Amino acid sequence: MSYKLESAEEAKRLQEQEKMEAYSIAQEFGGFQLPEQSVLLDAGCGEGALSRFFRGNYPSLTIEACDLSEIRLKQAQETNAQHDINFFHSNLETIAKDSNLYDAIVCRYVFEHLQDPLKVAREFARVLRPGGKAWICDLDNLFIGFHTVDDEFNSVLQRVSTKVGVDLYMGRKIPAILRKAGFKIQNTQMYCHQFSGEGLEQEKKNYLRRFSQMETTFKRALRGIMEFEEFRDRYITLMDDNGSNMFLSKFVVEAVK
């Protein structure tokens, strides 16, 4: 599901999403241990939420963060002006830094959007020092972790899922990608969150924002299958049906160079 990275509204959506239990950074990265004075790279930093988390938990870290989006970097610099984080522009396939520079790399919700995840993983290995850690988190079943009482809609959902331009099953693939890039896998955790009650209401609002941001992507994916407005409205309505089930899976992988 290709996010509209250059949109200011997408940054606002992500900031609201960080407040939701299903997308807890503390759950994903709270167990990551780093020695004091380490040098950390937040790869694909977006508006800087993950960098802020590490600054709050590791005051002595040197934190650098990069993103391909100029607008997102500007937002990150403005939002984190007081946090002593060095933001820079870079494509993750060719990170604009020397080899063997970082003690650790963290990367969150990025690999699902990459054209060549293995190339990026190999680039992470290049800029990490020997013994350096990569801590990668990605979603799995986003958007399609949803089964409804409407069989016709379930069929449409599966068809559309192959056309949105994002790997919706990326989370489960991260360990294999890192191994192929030469990393040693130390730990893999899978978290599953089922939406109900207030959490479901929050996710409905989150999906309305997603659909708004990604209208062009969905119109292209739905062409000849269903009108975008009908698809969006049925998706949101079916989230409230007690015969429907909506869940989110995510994988967190710790690997060493």
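Residues numbered from 1 in each chain as written. Predicted model: local features only at pLDDT ≥ 70, side-chain atom pairs only at ≥ 80, totals over all residues. Heavy atoms only, no water.

So, the overall build of the protein
When you go through the protein residue by residue, the secondary structure sums to 10 helices and eight strands. On the principal axes, the C-alpha backbone points of the protein span a range of 55 × 35 × 30 Å. Out of the 257 residues in the protein, the part that is buried amounts to 54%. Within the protein, residue pairs in contact and separated by at least 24 positions form 78% of the contacts whose partners lie at least 6 positions apart. For the protein, the exposed area adds up to about 11,800 Å²; of that, 47% sits on carbon and sulfur atoms. Taking the 33 positively charged and 38 negatively charged side chains of the protein as two groups, their mean positions are separated by 4 Å. (Helix = DSSP H or I, 4+ residues; strand = E, 2+ residues; numbered from the N terminus. Buried < 20%, exposed > 50% of the residue type's maximum accessible area, 1.4 Å probe, protein only. Contact = heavy atoms within 4.5 Å. Areas by Shrake-Rupley, 256 points an atom, 1.4 Å probe, with all protein chains shown as cover. Lys, Arg positive; Asp, Glu negative; His and termini not counted. Charge placed at Lys NZ, Arg CZ, Asp CG, Glu CD.)

A short note on the packing of aromatic side chains
Scanning the model with the defined rule gives 23 aromatic pairs in all. Each member of the aromatic cluster is reached from another via a ring pair, and the members are Phe143, Phe146, Phe153, Tyr207, Phe211, Phe218, Phe228, Phe231 and Tyr235. The aromatic ring of Phe88 is capped on one face by Lys97, whose charged end is 4.6 Å from the ring centroid. Here the guanidinium or amino end of Arg108 rests over the ring plane of Tyr109, the centre of that ring lying 4.1 Å away. (Phe/Tyr/Trp six-rings, centres within 6.5 Å; stacked < 30°, edge-to-face > 60°. Lys NZ or Arg CZ within 6 Å of the ring centre and 35° of its normal.)

A short note on the pairing of strand β8 (residues 245-256)
Strand residues, when the strand is regular, have side chains that alternate between the two faces of the sheet. Most of β8 is tucked away, with 10 of its 12 residues classed as buried. Here strand β5 (residues 128-140) pairs with β8 via eight bridges, running antiparallel. Note that in β8 the partner of Lys133 across the bridge is Val256. Bridge count between strand β6 (residues 146-147) and β8: two bridges; the pairing is antiparallel. From the neighbouring strand, His147 faces β8, where its bridge partner is Asn245. Strand direction decides the pairing type here: strand β7 (residues 184-194) and β8, joined by 10 bridges, are antiparallel. The residue of β8 that forms the bridge with Met190 is Phe251. (Pairing = 2+ DSSP bridges.)

What about the environment of Asn80?
By the secondary structure assignment, Asn80 is in the loop between α4 (70-79) and β3 (86-89). Overall, the relative accessible area of 2% leaves Asn80 in the buried class. Leave out the neighbours within four places in its chain, and Asn80 touches Glu47, Gly48, Arg52, Ile85 and Phe87. Polar contacts involving the side chain of Asn80 include one to the main-chain carbonyl oxygen of Glu47, which spans 3.1 Å. Polar side-chain contacts of Asn80 include one of 2.7 Å to the backbone oxygen of Ala76. (Polar contact = N/O pair within 3.5 Å; in protein donor to acceptor, adjacent residues only side chain to side chain.)

As for the pairing of strand β4 (residues 102-108)
The buried fraction of β4 amounts to six of the seven residues, a majority that puts the element mostly inside the structure. Examined bridge by bridge, strand β1 (residues 39-43) and β4 share three bridges and lie parallel to one another. Counterpart to Leu41 in the pairing with β4 is Ile105. The sheet contact formed by β4 and β5 spans six bridges and is parallel. Each bridged residue has a counterpart across the sheet, and for Cys107 the counterpart in β5 is Ile136. Read from β4 through helix α5 (residues 117-127) to β5, the crossover connection turns out right-handed. (Right-handed = clockwise from strand over helix to strand, strands pointing away.)

With respect to the pattern of salt bridges
Any two side chains of opposite charge can pair if their charged atoms end up close together. On inspection of all chains with the given rule, the structure shows 20 salt bridges. A salt bridge links Glu18 to Arg108, with the shortest nitrogen-to-oxygen separation between them at 3.1 Å. Residue Glu18 is located in the loop between α1 (8-17) and α2 (25-29), and its partner Arg108 is located in strand β4; the two are separated by 90 residues in the primary sequence. Taking relative accessible area as the criterion, Glu18 reaches 22% and is therefore assigned partly exposed. The class of Arg108 is buried, set by a relative accessible area of 10%. Between Arg210 and Glu203 there is a salt bridge, with its nearest N and O atoms 3.5 Å apart. Since its relative accessible area comes to 1%, Arg210 is described here as buried. Here the salt bridges do not stand alone but share partners, grouping Glu18, Glu28, Arg108 and Lys250 into one network. (Salt bridge = Lys/Arg side-chain N within 4 Å of Asp/Glu carboxyl O.)

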